[in-house]
Amino acid sequence: MTIDDQLRAILRDVLGLSADRAATIDAGTPLFGAMPELDSMAVAGLLTEIEDRLHILIEDDEVGGEMLETFGSLSAFVKGKRGE
Amino acid sequence: MNGRGPRVHTYAEGEFMLAYGPRNGPQILVIQPLFEELNRCRAMLASACRALAERGVGVWMPDLPGTGESLRALDTIVWKDWFDAVGAAGSVVREETGSEPGILAIRGGALLDRPLFWRSLRLSPTSGRSLLSDLRRSALASGSDPAHPAGYTLSASLVEALAGAEPAPEGDILTIRLSTDDRPADRRIDGQPLWRRPEPAIDIPTEQALISEILSWARP
């Protein structure tokens, strides 16, 4: 799986999205504040799953609206962390 | 459903353990998920235990000290208490059935199956560090004190032990993960991570897939 595929799978798992809905997520898809399932508690689970499955560590002060604004920004953050 | 509910046992000086199904045949000792994940998975686990019992498997599900029905407060618990409790629960199973139980360890439960047991089925095993991160982030998200995240007050000793805890690699282990999770695993099932749901949930396909894996593991 590519990083983006893994991120889609994580969003699907954490938020309980259908496979069809997860497949429609692309770089421009807005996340925090736009996706009703992604409340602040779900963000906690999302970040931990990303850490575990993509082998990065996310500091609390790195988490913000910008990083979670769109799928593209989340993906860019993760890829940056992985040095890709 | 055979109409008979689970039996209530005690172990380790008054701790609470439910037992389902026959005393002959394969026996399974369940080490449940830790913290909030336990609550989220409990309904599915109880349902799965009943289904396994109906298929001739004895299932034993202790509440660890400081969790579930335990009378002890979580903030008095140290890591060794949980290892000792798992060992004591296993002793009850051996005394009651004459059989060595296989371990069904779910999520953080997989941190506790060694060294006292050898044969484990681990569902989505996770690290102590990851569980602590979840607790801390949940506390931040809910505006509660990170030292007492989401109502869970842990002793400093427990936090320290959890921070370095990983599932032990040795032994006869069958690791099962969800098909959406590409970390190393022996088997994958199509299902939902109920330990991530905000409310306790049962998902029939997930439960059926898990039961099927457990049955073929318990009755090789």
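These numbers come from a predicted model, not from an experiment. (Residues numbered from 1 in each chain as written. Chains lettered and ligands numbered in written order. Predicted model: local features only at pLDDT ≥ 70, side-chain atom pairs only at ≥ 80, totals over all residues. Heavy atoms only, no water.)

Engineer: Even after reading the chapter, I still don't get the overall build of chain B, so can you show me in this structure?
Structural biologist: A count of helical and extended segments in chain B gives five helices and eight strands. In chain B, the succession of α and β elements from N to C terminus is β-β-β-α-β-α-β-β-α-α-β-β-α. Since a compact globule built from 220 residues should have a radius of gyration of about 17 Å, the 17 Å found for chain B is in line with a globular shape. For chain B, the spread of C-alpha atoms along the principal axes amounts to about 45 × 40 × 35 Å. A burial count over chain B gives 54% of its 220 residues as buried. Restricting the contact set of chain B to residue pairs at least 6 apart, pairs at least 24 apart contribute 66%. Of the roughly 9100 Å² of accessible surface on chain B, 53% is carried by carbon and sulfur atoms. Charge separation in chain B, taken as the distance between the mean sites of 24 positive and 28 negative side-chain charges, equals 4 Å. (Helix = DSSP H or I, 4+ residues; strand = E, 2+ residues; numbered from the N terminus. Rg over C-alpha atoms; globule rule 2.2 N^0.38 Å. Buried < 20%, exposed > 50% of the residue type's maximum accessible area, 1.4 Å probe, protein only. Contact = heavy atoms within 4.5 Å. Areas by Shrake-Rupley, 256 points an atom, 1.4 Å probe, with all protein chains shown as cover. Lys, Arg positive; Asp, Glu negative; His and termini not counted. Charge placed at Lys NZ, Arg CZ, Asp CG, Glu CD.)

Engineer: So what exactly am I meant to see when it comes to the sheet that holds strand β8 (residues 187-189) of chain B here?
Structural biologist: In a beta sheet, neighbouring strands pair by backbone hydrogen bonds and run either parallel or antiparallel. Residue and element names in this part refer to chain B. Strand order in the open sheet formed by eight strands is β1-β2-β4-β3-β5-β6-β7-β8, with mixed pairing between adjacent strands. Looking along the sheet, the strands with just one partner apiece sit at the ends: β1 (7-11) and β8. Looking at each pair of strands side by side, their axes are set apart by 25° on average, direction ignored. In terms of strand pairing, strand β7 (residues 172-178) meets β8 through three bridges, oriented parallel. (Pairing = 2+ DSSP bridges. Axes fitted to C-alpha atoms, helices over the stretch in contact; angles between N-to-C directions.)

Engineer: Can you help me understand the environment of B:Asp190 in this one?
Structural biologist: All names here are of chain B. By secondary structure assignment, the location of Asp-190 is in the loop between β8 and α5 (204-218). The sequence separation of Asp-190 and Thr-206 amounts to 16 residues, and the corresponding C-alpha distance is 6.7 Å. Non-local contacts of Asp-190, meaning those with residues more than four positions away in its chain, are made with Ser-179, Pro-205, Thr-206 and Ala-209. Of note is the side chain of Asp-190, whose polar atom sits 2.6 Å from the side chain of Ser-179. (Polar contact = N/O pair within 3.5 Å; in protein donor to acceptor, adjacent residues only side chain to side chain.)

Engineer: Would you explain helix α3 (residues 40-54) of chain A in this entry?
Structural biologist: One turn of an α-helix holds 3.6 residues; hence residues three or four places apart share an orientation. Residues and elements named next belong to chain A. Given a rise of 1.5 Å per residue, 15 residues ought to cover 21 Å, and the 21 Å separating the end C-alpha atoms of α3 matches this to within 8%. Along α3, 13 of the 15 residues are buried, which leaves the element largely enclosed by surrounding structure. Looking at where α3 begins, the residue whose side-chain oxygen comes 3.2 Å from the main-chain nitrogen of Met-41 is Asp-39. Downstream of α3 by a residue or two, His-55 has a phi angle that is positive, lying close to 55°. (Expected span 1.5 Å × (residues − 1).)

Engineer: Where do I start with the pairing of strand β6 (residues 119-123) of chain B in this structure?
Structural biologist: Successive residues of a regular strand alternate their side chains across the two faces of the sheet. All names here are of chain B. β6 sits mainly inside the fold: four of its five residues count as buried. In the sheet, strand β5 (residues 102-106) pairs with β6 via four bridges, with the strands oriented parallel. Bridging from a neighbouring strand, Leu-104 pairs with Leu-121 of β6. Pairing between β6 and β7: five bridges, direction parallel. Each residue of the ladder has a partner; that of Arg-122, found in β7, is Thr-175.

Engineer: Looking at this structure, I do not really get the interface of chain B and chain A. What am I missing?
Structural biologist: In this assembly, 21 residues from chain B lie in contact with 22 residues from chain A. Carbon and sulfur atoms supply 45% of the area buried between chain B and chain A, which totals about 1800 Å² over both sides. Per-residue buried area on chain B facing chain A is highest for B:Arg137, B:Thr180 and B:Arg196; these three make up 36% of the total on that side. Counting across the chain B and chain A interface gives six salt bridges. The partner of A:Asp60 in a salt bridge is B:Arg136, and the shortest N-O contact between them spans 2.9 Å. Applying the counting rule to chain B against chain A returns 12 residue pairs in polar contact (both at pLDDT 80 or more). Ranked by residues supplied to the side of chain B that touches chain A, first place goes to helix α3 (residues 128-142) of chain B with 10 residues. (Buried area = accessible area lost by both parts, 1.4 Å probe. Salt bridge = Lys/Arg side-chain N within 4 Å of Asp/Glu carboxyl O.)

Engineer: Any chance you could explain the nonpolar core here in plain terms?
Structural biologist: One recurring pattern in soluble globular proteins is that nonpolar side chains are buried together. All names here are of chain B. By size, the foremost hydrophobic cluster in this structure holds 33 residues, and its most contacted members are Leu-29, Phe-35, Trp-79, Trp-82, Leu-112, Leu-154 and Leu-162. Taken together, the elements giving at least two residues each to this core come down to β2 (15-20), β3 (27-31), α2 (79-97), β5, α3 and α4 (156-163). If sequence neighbours within four positions are ignored, Leu-29 has contacts with Met-17, Trp-60, Pro-62, Val-86, Ala-89, Gly-90, Val-93, Pro-101, Gly-102, Ile-103, Leu-104 and Phe-117. In terms of nonpolar packing, the next biggest core, distinct from the first, is built from 31 residues, Ala-53, Val-57, Val-59 and Met-61 among them. (Core = buried A, V, L, I, M, F, W, Y, C linked by side-chain atoms within 4.5 Å.)

Engineer: Please clarify how the layout of surface pockets should be interpreted in this entry.
Structural biologist: Over the atoms rolls a probe the size of a water molecule, and in doing so it shows where empty space is left. As a volume, the largest pocket reaches approximately 400 Å³. Along its surface, the largest pocket is lined by 22 residues, and A:Met41, B:Arg40, B:Ser138, B:Arg196 and B:Arg197 are the ones closest to its centre. Elements supplying a minimum of two residues to the lining of the largest pocket: α1 (3-15) and α3 of chain A together with α1 (36-54) and α3 of chain B. Of the residues assigned to the lining of the largest pocket, the class counts are 11 nonpolar, three polar and eight charged. (1 Å grid on protein atoms, 1.4 Å probe; cavity = no way out; pocket = protein on both sides within 12 Å on 5 of 7 lines; lining within 4 Å. Points joined across faces, edges and corners; volume = space filled by probe spheres on them. Nonpolar A, V, L, I, M, F, W, Y, C, P; charged D, E, K, R; others polar.)

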